[in-house]
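# Inside the fold
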Amino acid sequence: MAEVDQQSAMDFFGSLSLINNEQHREIELYQHYRQCHVRANRMVEIVNIIGTPSLQTIGIQGLKSVGLLTQHSYIDAMKLMLKILEKEFEIHPNKTLGLLLPPIVDRVMIIEIRIQRFGTQWILSENNVPFLAPLENFKAANNLRKKYKMPPMKKPVNLVARGAEKNPLGKGYAVEGDQKLMTDQEYDGYSKYYIKNLASNYE
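So, on to the nonpolar core. The biggest cluster of nonpolar side chains holds 31 residues, and the ones touching the most others in it are Met43, Met81 and Ile111. Elements with a contribution of two residues or more to this core: α2 (22–50), α3 (55–71), α4 (75–91), α5 (101–111) and α7 (184–191). In terms of residue count, the dominant contributor to this core is α4 (8 residues). Sequence-distant contacts of Met43, that is, excluding residues within four places in its chain, are made with Val66, Leu69, Thr70 and Met81. Counting 7 residues, the second largest nonpolar core, distinct from the first, contains Trp122, Leu135, Ala141 and Ala174.

Under the definition given, this model contains 7 salt bridges. Across the pair Arg42 and Glu45 runs a salt bridge whose closest N-O atoms are separated by 3.1 Å. Here Glu45 and Arg42 lie together in helix α2, a separation of 3 residues that amounts to about one turn. Residues Arg114 and Glu112 are paired through a salt bridge, measuring 2.7 Å at the closest nitrogen-oxygen approach.

Parameters at a glance
- Counting restarts for each chain, with residues numbered from 1 along the sequence as it is written.
- Residue-level local features of this predicted model are given only where pLDDT is at least 70; pairs of side-chain atoms are given and counted only at 80 or more, and the full residue set underlies all totals for whole chains, interfaces and linings.
- Hydrogens and water molecules were not included; the side-chain quantities draw on all heavy atoms of the structure.
- Take the buried residues of types Ala, Val, Leu, Ile, Met, Phe, Trp, Tyr and Cys, join any two whose side-chain atoms come within 4.5 Å, and each joined set is a nonpolar core.
- For every residue, the accessible area (1.4 Å probe, protein chains only) is compared with the maximum for its type, and the residue is labelled buried under 20%, exposed over 50%, or partly exposed between those bounds.
- Strands here mean DSSP runs of E at least two residues long; helices mean DSSP runs of H or I at least four residues long; both are numbered from the N terminus.
- In what follows, a contact means two residues having at least one pair of non-hydrogen atoms within 4.5 Å.
- The working definition used for a salt bridge is a side-chain nitrogen of Lys or Arg within 4 Å of a carboxyl oxygen of Asp or Glu.

Laid out in structure tokens, this is it:
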């Protein structure tokens, strides 16, 4: 299910990149995230019924889907699920997927205008050039990722977004020079679908 969800997202953003009308593209993008939020809210309702999701209760594909939905929910749901998953990982590290946590942690930190920790968030600049949002400590990040069984930071060769294919970063590991501070416009573009009062502007 998680692979299907991921492929569906990649297909959507691939088709989105073919839409030249900015307003049309914005509407399609909003509708996509709106569906994500509906599914994420349902996920939270289910978790409230069945309890903490784990490998034993929902399996590896179920956990991957939880991680994917959490990353694409509003920040309040994101933080709620992060708290639940972090607690389970600390108590029962073998009953959950630790590698789900760093992307959620980083996304929350960036939305809250903080510096990411694990180097999972690559963003498109105003000129459609991918860059790595700044890290708290770039040199320590790969060691932090090991705790969650994540591989070292790599350039996002599979980043699917409008314009990214025209400005590839190439293959290989991330370097400190890949980092760039976000402009206000880049932050707005990154966060607007995860903050409820901003997303409501598109209704």
